[in-house]
Amino acid sequence: MLFSRLRLSLTISRKMVQEHSSKRPCVRIGTHNGTFHCDEALACFMLKQLPEYKDASIVRTRDANQLAECDIVVDVGGVYDPATHRYDHHQRSFTGTMANLTDGKMNFNTKLSSAGLVYLHFGRRLLEQLMPSSNEDHKEIVYKRLYEYFMEEIDAVDNGINATEEKPKYHVTTTLGGRVRDLNPAWNDTHQDFDGQFEKATELVGSELVNRVDGMVKRWLPAMDIVRKAFNKRHEVHSSGKIVKFETGGCPWKEHLYQLEKQAGCEGEVQYVIYSDSNGSWRVQAVGVQGEGFTSRLPLPESWRGVRDEKLSELTGIPECIFVHASGFIGGNKTEEGAMEMARQALQMKS
């Protein structure tokens, strides 16, 4: 596993995490002491994957003299200056985002944290280490996707930016940032080992990052070609182009489909996808509205929802029906022909 191969580079020994040192090591990464957060833990992990920092010590302090001796400083010091490798974001003058620091090449407008700054300046080199066998086009795709679906959340949370202006309907307490926060020593611990817990936090965020990249390389990128081929053949499946067929299920198709529609100038066209499941049956799934969670573009007919087996076949006139979900986002049939007919009828009932 990719993370296992990087574990030696990831782990920061207690000797390396220090607030004071009488002997200056070869290379030092500086960050603040005390309570730690997701962004500086991730910033330190990313730096330690690079050849020049893989053996670096991490100095946790707010002492300006000690920080001045560090080769690179993240999340402390009040300075953002790539030329001197200072990557803090807390100063009032800092307003950096991926968009304004890349002249619009990365269209993300969330203020960066120390993790985002390290990713901006070192992210492509990081991916050279994490996905060395991939081609340059795939690395660039992953670079942008990893920011959008991993890094931006960390930047936003650290800068106090909510995901939505609406009041949440329930509490979300299992985020990566939340789990890092919970690794800090308790306020009433008699022995508060911040450095030891920071080591655990760095390992936690590092494993999440590596696993996310690993998933993109092994699952998400290969799915692109499958979805593209199916999308290009959609008019052979149904003359309207509103039904896409995958020969096998399981591949992540939604984001690829949205992107392909955008590129083809037909956003919102595809209403259903059909695919086989692990049991040899077939599913018909309504395409979701992009960015709207559980909302479907065209749910399966209301009269079908919650009905199963023979009753569903009698209702639809389609043999071998299995079910339609109560929300109408997905249904099943024992055969490809049956799933296709369910999609066709659903289109006709809407029109």
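Look up: the structure comes first, before these words.
It should be emphasised that the depicted structure is a prediction, and the values quoted were computed from it without experimental measurement.

A. Up close: the overall build of the protein. Within the protein, the regular secondary structure consists of twelve helices and eleven strands. Along the first, second and third principal axes, the C-alpha atoms of the protein reach 80 × 45 × 40 Å. For the protein, with 351 residues in total, the buried portion stands at 48%. Of the contacts formed within the protein by residues at least 6 apart in sequence, a portion of 64% connects residues at least 24 apart. Carbon and sulfur atoms provide 49% of the accessible area of the protein, an area that totals close to 18600 Å². Side chains of the protein carry 44 positive and 48 negative charges; the gap between the two charge centres is 1 Å.

B. Layout of the pairing of strand β11 (residues 330-333). Burial along β11 is two-sided: I330 and G332 and G331 and N333, pointing in opposite directions, are all buried. In this sheet, β11 lies alongside strand β9 (residues 282-286) in antiparallel orientation, the contact comprising four bridges. Note on β11: the bridge partner recorded for V284 is G331. Alignment of strand β10 (residues 321-324) against β11, held across three bridges, turns out to be antiparallel. Along β11, the bridge assignment pairs C321 with N333. Between β10 and β11, which follow one another and run antiparallel, lie five residues, and G328 among them has a positive phi close to 80 degrees.

C. Quick peek at the pairing of strand β8 (residues 272-276). Among the five residues in β8, five count as buried, and that is most of the element. Here β8 shows a buried face lined by Y272, I274 and S276 and a second buried face lined by V273 and Y275. Pairing of strand β7 (residues 243-246) with β8 involves four bridges; the strand directions are parallel. From the neighbouring strand, F246 faces β8, where its bridge partner is Y275. Between β7 and its parallel partner β8, the chain crosses via helix α10 (residues 254-264), and the hand of that crossover is right-handed.

D. A look at the sheet that holds β10. Within the open sheet, the five strands sit side by side as β7-β8-β9-β11-β10. Their pairing is mixed. The open sheet has two edge strands with one neighbour each: β7 and β10. Averaged over all adjacent pairs, the angle separating strand axes in this sheet is 15 degrees, with direction ignored.

E. Representation of the pattern of salt bridges in the model. For the structure shown, the criterion picks out 20 salt bridges. Between E69 and R28 there is a salt bridge, and its shortest N-O distance comes to 2.8 Å. Within this pair, whereas E69 is found in the loop between α3 (64-68) and β4 (72-74), its partner R28 is found in strand β2 (residues 28-31), the two being separated by 41 residues in sequence. The class of R28 is buried, set by a relative accessible area of 3%. Beyond isolated ion pairs, a larger network of salt bridges with shared partners links E128, E136 and K139.

Basis of the calculations
- Throughout, a residue's number is its position along its own chain's written sequence, starting from 1.
- Where local features are concerned, this predicted model is filtered to residues with pLDDT of at least 70; where side-chain atom pairs are given and counted, the filter is 80 or more; whole-chain, interface and lining totals use all residues.
- Values reported for side chains reflect all heavy atoms of the structure, with hydrogen atoms and water molecules removed beforehand.
- Starting at the N terminus, helices and strands are each numbered in turn, a helix being any DSSP run of H or I of at least four residues and a strand any DSSP run of E of at least two.
- Relative accessibility decides the category of a residue: with a 1.4 Å probe and only protein chains considered, values under 20% of the type maximum give buried, values over 50% give exposed, and everything between is partly exposed.
- The contact rule is simple, with two residues in contact once any of their heavy atoms fall within 4.5 Å.
- Note on areas: Shrake-Rupley, 1.4 Å probe, and residue coverage restricted to the protein chains presented here.
- Only four residue types enter the charge count, namely Lys and Arg as positive and Asp and Glu as negative; His and the chain termini do not.
- For charged residues, the charge sits on one atom: NZ in Lys, CZ in Arg, CG in Asp, CD in Glu.
- Two strands pair under a simple rule: DSSP has to find at least two bridges between them.
- Seen with the strands pointing away from the viewer, any crossover whose path from the first strand over the helix to the second strand runs clockwise is right-handed.
- Axis definition: a line fit to C-alpha positions, over the contact stretch in the case of helices; interaxial angles, taken between N-to-C directions, run 0 to 180 degrees.
- A carboxyl oxygen of Asp or Glu within 4 Å of a side-chain nitrogen of Lys or Arg is what we treat as a salt bridge.

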